[in-house]
Amino acid sequence: MDETPNLALPLVQPSQAQKHVTVNEALVRLDAGAQLVLADTGISVPPGSPDEGVCYGVPVGATGAWQGHEGEVAVEDNGGWSFLSPREGWRAWDRASVRGLVHDGSGWRVEGLATAPSGAGARFVTQEALHSVTAGTDNTTALVIPAKSMVFAASARVTSDITGSAPTWSLGVAGATDRFGSGLGMGQGGFADGILGTPQTYYSDTALVISGEGGDLSGGTVRLALHYIAFDLPDL
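Rules of the game
- Residues numbered from 1 in each chain as written.
- Predicted model: local features only at pLDDT ≥ 70, side-chain atom pairs only at ≥ 80, totals over all residues.
- Heavy atoms only, no water.
- Helix = DSSP H or I, 4+ residues; strand = E, 2+ residues; numbered from the N terminus.
- Rg over C-alpha atoms; globule rule 2.2 N^0.38 Å.
- Buried < 20%, exposed > 50% of the residue type's maximum accessible area, 1.4 Å probe, protein only.
- Contact = heavy atoms within 4.5 Å.
- Phe/Tyr/Trp six-rings, centres within 6.5 Å; stacked < 30°, edge-to-face > 60°.
- Pairing = 2+ DSSP bridges.
- Salt bridge = Lys/Arg side-chain N within 4 Å of Asp/Glu carboxyl O.
- Axes fitted to C-alpha atoms, helices over the stretch in contact; angles between N-to-C directions.
- Core = buried A, V, L, I, M, F, W, Y, C linked by side-chain atoms within 4.5 Å.
- Polar contact = N/O pair within 3.5 Å; in protein donor to acceptor, adjacent residues only side chain to side chain.

1. A word on the overall build of the protein chain
Part 1 of the reasoning: When helices and strands are counted, the protein chain shows one helix and 15 strands.
Part 2 of the reasoning: A globule of 236 residues ought to have a C-alpha radius of gyration of about 18 Å, yet the protein chain, at 23 Å, is considerably larger.
Part 3 of the reasoning: The buried share of the protein chain, reckoned over its 236 residues, is 39%.
Part 4 of the reasoning: Of the contacts made within the protein chain by residues no fewer than 6 positions apart, 58% connect residues no fewer than 24 positions apart.

2. Let's talk about unusual backbone geometry
Part 1 of the reasoning: The phi torsion at Asn-78 lies on the positive side, around 55°, for a residue other than glycine.
Part 2 of the reasoning: By the secondary structure assignment, Asn-78 is in the loop between strand E3 (73-77) and strand E4 (80-84).
Part 3 of the reasoning: Phi at Lys-148 takes a positive value of approximately 60°, unusual for a residue other than glycine.
Part 4 of the reasoning: With respect to the helices and strands, Lys-148 occurs in the loop between strand E10 (138-145) and strand E11 (149-163).
Part 5 of the reasoning: In this structure Lys-148 comes out as exposed when scored by relative accessible area, which is 62%.

3. Side note on the packing of aromatic side chains
Part 1 of the reasoning: According to the stated counting rule, one finds four aromatic pairs in the structure shown.
Part 2 of the reasoning: Taking 5.3 Å as the distance between ring centres and 80° as the angle between the ring planes, the aromatic pair formed by Trp-66 and Trp-81 counts as edge-to-face. You can see Trp-66 sitting in the loop between strand E2 (55-57) and E3 and its partner Trp-81 sitting in strand E4, a full 15 residues away along the chain.
Part 3 of the reasoning: The structure contains a cluster of three or more aromatic residues connected by ring pairs, namely Tyr-56, Trp-66 and Trp-81.

4. Quick word on the pairing of E11
Part 1 of the reasoning: Two elements, E11 and strand E13 (residues 191-202), share eight bridges in a ladder whose sense is antiparallel. From the neighbouring strand, Ala-156 faces E13, where its bridge partner is Ala-192.
Part 2 of the reasoning: Pairing between E11 and strand E15 (residues 219-232): eleven bridges, direction antiparallel. In the sheet register, Val-151 faces E15, and the bridge partner there is Tyr-228.

5. Concerning the environment of Arg-95
Part 1 of the reasoning: Along the chain, Arg-95 turns up in the loop between strand E5 (91-94) and strand E6 (99-103).
Part 2 of the reasoning: Apart from residues no more than four positions distant in its own chain, Arg-95 is found in contact with Val-37, Leu-38 and Ala-39.

6. A few points about the pattern of salt bridges
Pairs can form between side chains of opposite charge once their charged atoms are near each other.
Part 1 of the reasoning: The final tally for this structure, using the stated rule, is five salt bridges.
Part 2 of the reasoning: Put simply, Arg-91 and Glu-111 hold a salt bridge, and the shortest N to O gap is 2.5 Å. Remark: Glu-111 occurs in the loop between strand E7 (108-110) and strand E8 (114-115) and Arg-91 occurs in strand E5; sequence separation between them is 20 residues.
Part 3 of the reasoning: Accessibility expressed as a relative area gives 51% for Arg-91, which makes it exposed.
Part 4 of the reasoning: Across the pair Asp-104 and Arg-109 runs a salt bridge, and its minimum N-O distance is 2.6 Å.
Part 5 of the reasoning: Owing to a relative accessible area of 28%, Asp-104 belongs among the partly exposed residues under this scheme.
Part 6 of the reasoning: Residue Arg-109 is classed as partly exposed on the basis of its relative accessible area of 25%.

7. A word on the sheet that holds E10
Part 1 of the reasoning: As summarised here, the arrangement of the three strands in space is E10-E14-E12, forming an open sheet in which the pairing is antiparallel. Edge positions in the sheet fall to E10 and strand E12 (168-173), since each has one partner strand and no second. Along the sheet, successive strands turn relative to each other by an average axial angle of 25°, direction set aside.

8. Some points on the sheet that holds strand E9 (residues 121-132)
Part 1 of the reasoning: Here we have five strands laid out as an open sheet, ordered E8-E9-E15-E11-E13, and antiparallel in their pairing. Both edges of this open sheet fall to E8 and E13, since each of them pairs with a single strand only.

9. A short note on the nonpolar core
Part 1 of the reasoning: If you look at the biggest cluster of nonpolar residues, it comprises 28 residues, and the most contacted ones within it are Ile-162, Trp-169, Leu-171, Phe-180, Leu-208, Val-222 and Leu-224.
Part 2 of the reasoning: Broken down by secondary-structure element, the contributors of at least two residues to this core are E10, E11, E12, E13, strand E14 (206-213) and E15.
Part 3 of the reasoning: Each residue touching Leu-208, except ones within four places of it in the same chain, is listed here: Asn-139, Thr-140, Thr-141, Leu-143, Ile-145, Ala-154, Leu-171, Gly-172, Val-173, Phe-180, Leu-224 and Leu-226.
Part 4 of the reasoning: Membership of the second largest hydrophobic core comes to ten residues, among which are Leu-38, Cys-55, Trp-90 and Val-110.

10. Comments concerning the side chain of Ser-170
Part 1 of the reasoning: Inspection of the secondary structure puts Ser-170 in strand E12.
Part 2 of the reasoning: Among the polar contacts made by the side chain of Ser-170, one reaches the main-chain carbonyl oxygen of Thr-177 at a distance of 3.1 Å.
Part 3 of the reasoning: Ser-170 has contacts with Thr-177, Asp-178, Gly-181, Ser-182, Leu-184, Val-209, Ile-210, Ser-211 and Glu-213, leaving out every residue within four places of it along the chain.

Here it is in structure tokens:
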């Protein structure tokens, strides 16, 4: 046997010269796969100057040094790339999308509360963004409630003082600007813990809105988070 059955780690052979080469290769593979973190799973062109040991999920249509390795994990290894073939049950952290993935034997799927063999499932998602407050009464943020998701809460934390003539602020959506909190503090550390009494389903993309109460806003930063369930359809 030339390699291990699960992680395909190369094995030292009897009377083999330069045994350290095989051992080091096995350690590199083990170092990458044991606590797998994928920098991204959506880029098809290998990055130019990646950090040593960084891992990528190779998508369909990959080019360059990744061509022919679709579905594998590319590991930066001493100035080149080595590749792992993930198996059913492998788990990884997707750094780009900030979520857990599980391999079903044919590809990566987002880990969820419940999944079926067809890919149908329900996922509890927490998504966040840092918003820089701009001048005006209302700020439409870049954090969007996805269409066909069921929202349980939106939360926020003031990371640098909110300035302006408004004494307080609110968090909500267009048409309901205080849905997730009102009378919120302007100073660093101020927060909203906007838990809904009844989960609400949104059928179109809907941005969170920060609004000044009793005046305008002019500056500051707020870290926002959405907490919702998303649903995946079964495969064809």
